[in-house]
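# Structural features, examined
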Number of protein chains: 2
Amino acid sequence: MSTPSHPPHEASPKRQAIVAAAARLFMADGYGKTSMDAIAREAAVSKATLYAHFASKDQLFATIVGDACGRIALQDGTFDTGVTDMRAALASIGERLLRFLLAAETQAIQRMVIAESQRFPELGAAFLAVGPQTFLSHLAEWLAAQSAAGRIRIADPAVAADQFGALLRPLLFLRALLSVPPAPSEAEILANVDAAVSLFLAACAARSEA
Amino acid sequence: MSTPSHPPHEASPKRQAIVAAAARLFMADGYGKTSMDAIAREAAVSKATLYAHFASKDQLFATIVGDACGRIALQDGTFDTGVTDMRAALASIGERLLRFLLAAETQAIQRMVIAESQRFPELGAAFLAVGPQTFLSHLAEWLAAQSAAGRIRIADPAVAADQFGALLRPLLFLRALLSVPPAPSEAEILANVDAAVSLFLAACAARSEA
DNA sequence: GTCTATAGGCCGATAGAC
DNA sequence: GTCTATCGGCCTATAGAC
């Protein structure tokens, strides 16, 4: 993140193996339980090689999480421009967001960043910037456009985007983040999206304030 | 949690010192970075005494987090029965919830439980039960009563409670959980509560469905 | 750059005296 | 129950040969 750290080639095969192994283990077991020995073993590389590519466990962790945050930003953030049915458009955006938030890799990253954000202060800020804030600013822009086109009534697009996003982190999302079974079912996901869209649209149809 | 574990007196002074020290250190540094040596030092007790009261680091951690979860449940869950102004009532409930979610101890517990919920499966379930689920079931009951009294229109109180709760975990809440400065200001807190109440009420005034 | 081998330290947990 | 002292192990990181 702060230190790109490519002393050898960025695309060195061993380096790629190390990154892949570290990502898998950090996400599965967290920072504390993952040892450099285990990463070296998983990557089929000696520990010395590992340390030739990454100066410390901290730096390796920061690199892995930074990469993962970058991957989040690459998620298709396109919002339809030729909208006619607001309910369908919001349902589509909401469903994509909720499914993304519940995906295994996203959940793993969230747990890691929340767990270590105090020890690695840049991590939380980086995640927030490339994840939630990027998504919300795109959504706010889109909402503003829909509002300007008269398809919805929104006073403050930024606030509205934040609220729509929050509605897609209901108890279902908490349950998943806390690893409490059962895993979210298809029906639950769709019901939560529908409820979020309904509440949001009902409010926007009814009022002109924020 | 599962193992009450009081071999000596539950209220033994040394035991209390251990619990206090462990709670402070676990919440500040997390499970991995907190050592039994540090806890013993902080509690002014030998490590052998520590192990006389708690069989292992895991068990001590589970006890501390279980206690903390129990303390959450003790939060004043009273909802006004003699309500006239729904906006004021919801604002009061919302403000108490958001301030609670942002409190330092609550944040520390959330980080710990999210971080270790995979290694300690009972932890996530216990937290969910005594925290969010207890609150939401009380809120749902209260909303049902208000709906029955004709002060609001709610089809599914459980869904509505979940949504009101979700609206009180906006970006502001994420920022705090990720330890990203600045700390939430008074104005931000009140603005977020007001926005949540406005959206919720506008939707409930406008529709009869969920 | 990559290996084998190991330094050096801290950790969780225990033995044994009182 | 509480202490002092210590074990055995695993961890991060490095030295030195190739």
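Residues numbered from 1 in each chain as written. Chains lettered and ligands numbered in written order. Predicted model: local features only at pLDDT ≥ 70, side-chain atom pairs only at ≥ 80, totals over all residues. Heavy atoms only, no water.

## What to know about the relation of the copies chain A and chain B
Keep this limit in mind: Each copy is superposed on the other by least squares, with the fit set by C-alpha atoms of residues at a pLDDT of at least 70 in both. We call two residues contacting when some pair of their heavy atoms lies within 4.5 Å.
Expressed as a screw operation, the relation of chain A to chain B combines 0.0 Å of axial shift with a rotation of 180 degrees, fitting to an RMSD of 0.1 Å. Here the two chains are linked by the operation of a two-fold rotation axis. Ranked by how close their C-alpha atoms come to the rotation axis, the residues of chain A are headed by Ala203(A), at 2.0 Å. Comparing interface residues between copies, 100% of those in chain A also lie at the interface in chain B; the contact surface is shared.

## Comments concerning the packing of helix H6 (residues 104-116) of chain B against helix H7 (residues 121-148) of chain B
All names here are of chain B. The condition is simple: A fitted line through C-alpha atoms represents every axis, and for helices the fit uses only the stretch in contact; the resulting angles, taken between N-to-C directions, go from 0 to 180 degrees. Each helix is a run of DSSP H or I of at least 4 residues and each strand a run of E of at least 2, with the numbering of both proceeding from the N terminus. For classification purposes, an angle smaller than 35 degrees is called roughly parallel, one larger than 145 roughly antiparallel, one from 65 to 115 roughly perpendicular, and anything else oblique. Crossings are assigned a handedness: left-handed for a near helix turned anticlockwise from the far helix by less than a right angle, right-handed for a clockwise turn.
Two elements in contact, H6 and H7, have axes separated by 8 Å at closest approach and are oriented at 140 degrees. By the angle between their directions, the pair H6 and H7 is classed as oblique. Crossing geometry of H6 relative to H7 is assigned as left-handed. Between H6 and H7, the contacting residues are Ile 109, Gln 110 and Val 113 on the first element and Leu 123, Gly 124 and Phe 127 on the second.

## What about the pattern of salt bridges?
Residues and elements named next belong to chain A. The line we're drawing: Counted as salt bridges are all cases of a side-chain nitrogen of Lys or Arg within 4 Å of a carboxyl oxygen of Asp or Glu. Exposure is judged per residue with a 1.4 Å probe applied to protein chains only, and the accessible area is read against the type maximum: over 50% gives exposed, under 20% gives buried, and values in between give partly exposed.
A full pass over the atoms with the stated rule returns 18 salt bridges over all chains. Taking the shortest distance from any N to any O, the salt bridge between Asp 58 and Arg 119 comes out at 3.9 Å. A residue pair is termed long-range when its members are at least 10 positions apart, and Asp 58 in helix H4 (residues 57-73) and Arg 119 in the loop between helix H6 (104-116) and helix H7 (121-148) qualify at 61 residues. Taking the relative accessible area as the measure of exposure, Asp 58 reaches 34% and is therefore partly exposed. Of the residues examined, Arg 119 reaches a relative accessible area of 31% and is grouped as partly exposed. In this structure, the salt-bridge partner of Glu 188 is Arg 175, at a minimum N-O distance of 3.0 Å. Here Glu 188, found in helix H10 (residues 186-206), pairs with Arg 175, found in helix H9 (residues 171-177); they are 13 residues apart in sequence, far enough to count as distant. In the salt-bridge network here, residues are joined through shared partners; they are Asp 58, Glu 116 and Arg 119.

## Observations regarding the protein's contact with DNA strand C
As a reminder of what qualifies: For this description, a residue counts as near a given molecule or strand if any of its non-hydrogen atoms is within 4 Å of it. In the analysis that follows, any N or O atom pair within 3.5 Å is treated as a polar contact, provided that within protein one partner can donate a hydrogen and the other can accept it, and provided that, for residues neighboring in sequence, both atoms belong to side chains.
Surveying the vicinity of DNA strand C reveals 16 residues, the closest of which are Ala48(A), Thr49(A), Met36(B), Lys47(B) and Tyr51(B). His53(A) has a polar side-chain atom sitting 2.9 Å from a phosphate oxygen of DNA strand C. Broken down by secondary-structure element, the contributors of at least two residues to the surface near DNA strand C are helix H3 (47-53) of chain A together with helix H3 (47-53) of chain B.

## Focus on the packing of aromatic side chains
All names here are of chain A. Here is the rule we go by: Each aromatic pair joins two rings of Phe, Tyr and Trp (for Trp, the six-membered one) with centres within 6.5 Å, and gets the label stacked for planes under 30 degrees apart, edge-to-face for over 60, and tilted for any other angle. Two conditions define a charge sitting above a ring: the NZ of Lys or the CZ of Arg must be within 6 Å of the ring centre, and it must be within 35 degrees of the ring normal.
Here the structure, examined in full by the defined rule, presents 16 aromatic pairs over all chains. Aromatic side chains Tyr 31 and Phe 120 sit 5.5 Å apart centroid to centroid with 65 degrees between the ring planes, which places their arrangement in the edge-to-face category. Taken together, the residues span a long stretch of sequence, with Tyr 31 in helix H1 (residues 13-33) and Phe 120 in the loop between H6 and H7 at a distance of 89 residues. Here the two residues Tyr 31 and Phe 120 agree in accessibility, since each one is buried. Ring geometry for Phe 79 against Trp 142: centres 6.2 Å apart, planes inclined by 35 degrees, an arrangement best described as tilted. Of the two residues, Phe 79 sits in the loop between H4 and helix H5 (86-102) while Trp 142 sits in helix H7, which places them 63 residues apart along the sequence. By relative accessible area, which is 10% here, Phe 79 ends up buried. By way of ring pairs, the aromatic residues Phe 26, Tyr 31, Phe 61 and Phe 120 are connected into one cluster. One Lys or Arg, Lys 57, reaches over the ring of Tyr 31 and ends 4.5 Å from the middle of that ring.

## Points about the layout of surface pockets
Where empty space is left becomes clear once a probe the size of a water molecule has been rolled over the atoms. Quick note on the threshold: Think of a 1 Å grid over just the protein atoms. A cavity is a set of points where a 1.4 Å probe fits yet cannot get out, a pocket is an open set with protein on both sides within 12 Å along at least five of seven lines, and lining residues have an atom within 4 Å of a point. Grid points are joined across faces, edges and corners, and a volume is the space filled by probe spheres set on the points. Residues were grouped as follows: Ala, Val, Leu, Ile, Met, Phe, Trp, Tyr, Cys and Pro as nonpolar; Asp, Glu, Lys and Arg as charged; and all remaining residues, including Gly, as polar.
Taken as a whole, the second largest pocket encloses approximately 630 Å³ of empty space. In this structure, the second largest pocket is lined by 33 residues; those nearest its centre are Gly32(A), Ala115(A), Glu116(A), Ala115(B) and Glu116(B). Mapped onto the lining of the second largest pocket, the elements with two or more residues apiece are H1, H4 and H6 of chain A together with helix H1 (13-33) and H6 of chain B. Of the residues that constitute the lining of the second largest pocket, the class distribution is 16 nonpolar, 6 polar and 11 charged.

## Quick notes on the nonpolar core
Basically, it comes down to this: For our purposes a nonpolar core is just a set of buried Ala, Val, Leu, Ile, Met, Phe, Trp, Tyr and Cys residues, chained together by side-chain atoms within 4.5 Å.
Within the largest apolar cluster, 144 residues are counted, with the highest numbers of intra-cluster contacts made by Phe200(A) and Phe200(B). Non-local contacts of Phe200(A), meaning those with residues more than four positions away in its chain, are made with Leu90(A), Leu143(A), Ile152(A), Ile154(A), Ala160(A), Phe164(A), Leu167(A) and Leu199(B).

## Notes on the domain arrangement of chain A
All names here are of chain A. To keep it simple, the criterion reads: By convention here, the domain bounds are inherited from an automatic or database domain assignment. Two parts placed together each lose some accessible area under a 1.4 Å probe, and the buried area is that loss summed for both.
Segmenting chain A into domains produces domain 1 (1-72) and domain 2 (74-210). For domain 1 and domain 2, the distance between their C-alpha centres works out to 30 Å. Domain 1 puts 13 residues into the contact, and the matching count from domain 2 is 17 residues. When domain 1 packs against domain 2, close to 1500 Å² is buried across both sides, 76% of that on carbon and sulfur atoms. If you look at where domain 1 meets domain 2, you find 2 salt bridges. Glu 105 serves as the salt-bridge partner of Arg 71, at 2.2 Å between the closest nitrogen and oxygen. Counting across the interface, domain 1 meets domain 2 through 2 residue pairs in polar contact (both at pLDDT 80 or more).

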